[in-house]
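# Descriptive structure summary
Here are the chains, one letter per residue:
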Amino acid sequence: MPGRFATPGRRIALDIMSGDESPRSRIRAALRALDTYSDLHLILVGDQQLITDELSSASFNHTRLDVVHAEKTIGMDEKPSTALRAKEGSSMWVALEQVADGYAAACVSAGNTGALMAMGRFALKTFVGIDRPAIAASIPSSGGSVLLLDMGANVDCSATNLYQFAIMGSQLAASVRGVASPRVGLLNVGTEDIKGNEQVRLASRLLKEDGRLNYIGYIEGHDVFAGRADVVVCDGFAGNVALKTGEGVARLIRDSLVSAFQQTLWRRFLALLIAPVMRKLYKSIDPVVYNGASFLGLQGIVVKSHGHSNEEGFFRAIEEAIREVDSDVPGRLAEKIEAILKQD
């Protein structure tokens, strides 16, 4: 692997400007991360004046924080092709450059997903043998969490794409999350062999033929949250719908419980008694806790934070980047892909 994957250590570039929330919340998340991880070094990319003004009112370690100026910000509604043409000088591009040039081991951004994917492919390239990168993220399940990919980068996928997603997702689950022999399920409209479109059925055959993956077959939408699989593979259209549906259900449960317990004095008293249990429940289904999606297939670590993520959410995305740096995800993926290509 290129030296850039090993040399920077826990050195991470943060795109401070991109996203729907205030850049100040991302700066606060960065300072929190520095306080939490004593060997972490951060590169804050964005409007230097804004960043330094915000830092001037906080106490931080100068030796573990750098500020790199970027003049422009890619809008959340910009087309990827337009953003790619206007990439020079943008905070997203400059943050990715830190990884490409070996100054950082990972990049975290809350910006435009399509633009980040396009720029990531341009700056870092994909591994040989991987047609398309995939966005992978953890979502809550009864077993703790499940890795779902693709989350929206690839709306239309071939059977080969889905097969490659399974390989990358399985490796991420094993190396970062410590899952031995991750169970891989293929999202479908039923569990019978005849169900699904041609791409899904062909992908299933490819997965069955590969004895190196712990493929458990088709799973349906309700199985995603039941913990039947450690890795769930699908195209980006289905994955994004599943993610947003799960987030909506989590909010519905939370809001419904709050409303129910506020209706009478007796119920408010009961709410006080079970408050610790409710806090644990809310945390287990809170999308913020699982913030931080990985762009798998790129020759470098890129973590996408939700555009609306607050300080807590962006902090979680930084933590995901740290885990991937510590686990050397690009190096492990490269070895896995090379081994599979040699055998094929």
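Let me begin by describing the structure that accompanies this report. In this text, all values refer to a predicted model and were calculated from it rather than measured experimentally.

### A closer look at the sheet that holds strand S1 (residues 11–15)
Read across the open sheet, the 11 strands follow the order S3-S2-S1-S4-S11-S10-S5-S6-S9-S7-S8; overall the sheet is mixed. One side of each edge strand has no neighbouring strand; the edge strands of this open sheet are strand S3 (65–69) and strand S8 (214–219). The mean inter-strand angle of the sheet, taken between neighbouring strand axes irrespective of direction, is 25°. Here 5 bridges tie strand S7 (residues 183–187) to S8, and the two strands are oriented parallel to one another. Bridged to leucine 186 within S8 is tyrosine 218. Its contacts with the sheet place helix H7 (residues 198–209) against S7 and S8, and it is angled at close to 160° to S8.

### Examining the packing of aromatic side chains
Enumeration according to the criterion identifies 1 aromatic pair in this entry. An angle of 55° between the planes, with centres 5.8 Å apart, marks the rings of tryptophan 93 and phenylalanine 122 as tilted. Of this pair, tryptophan 93 sits in helix H4 (residues 91–100) while phenylalanine 122 sits in helix H5 (residues 113–124), placing them 29 residues apart in sequence. Judged by its relative accessible area of 6%, tryptophan 93 falls in the buried class. Assessed through its relative accessible area of 42%, phenylalanine 122 is described here as partly exposed.

### Looking at the nonpolar core
The biggest cluster of nonpolar side chains holds 38 residues, and the ones touching the most others in it are Leu96, Met119, Leu148, Val224, Val232, Phe295 and Val302. Breaking this core down by element, the ones donating at least two residues are strand S2 (41–46), H4, H5, strand S5 (134–141), strand S6 (144–149), helix H9 (236–261) and strand S10 (293–296). Aside from chain neighbours lying at most four places away, what touches leucine 148 is Ile135, Ala136, Ala137, Ile139, Val232, Cys234, Gly239 and Ala242. Counting 32 residues, the second-largest nonpolar core is a separate cluster that includes Cys157, Leu162, Ile167 and Leu186.

Definitions and cut-offs
- Residues numbered from 1 in each chain as written.
- Predicted model: local features only at pLDDT ≥ 70, side-chain atom pairs only at ≥ 80, totals over all residues.
- Heavy atoms only, no water.
- Pairing = 2+ DSSP bridges.
- Helix = DSSP H or I, 4+ residues; strand = E, 2+ residues; numbered from the N terminus.
- Axes fitted to C-alpha atoms, helices over the stretch in contact; angles between N-to-C directions.
- Contact = heavy atoms within 4.5 Å.
- Phe/Tyr/Trp six-rings, centres within 6.5 Å; stacked < 30°, edge-to-face > 60°.
- Buried < 20%, exposed > 50% of the residue type's maximum accessible area, 1.4 Å probe, protein only.
- Core = buried A, V, L, I, M, F, W, Y, C linked by side-chain atoms within 4.5 Å.

What is shown is where atoms sit, not what they do.
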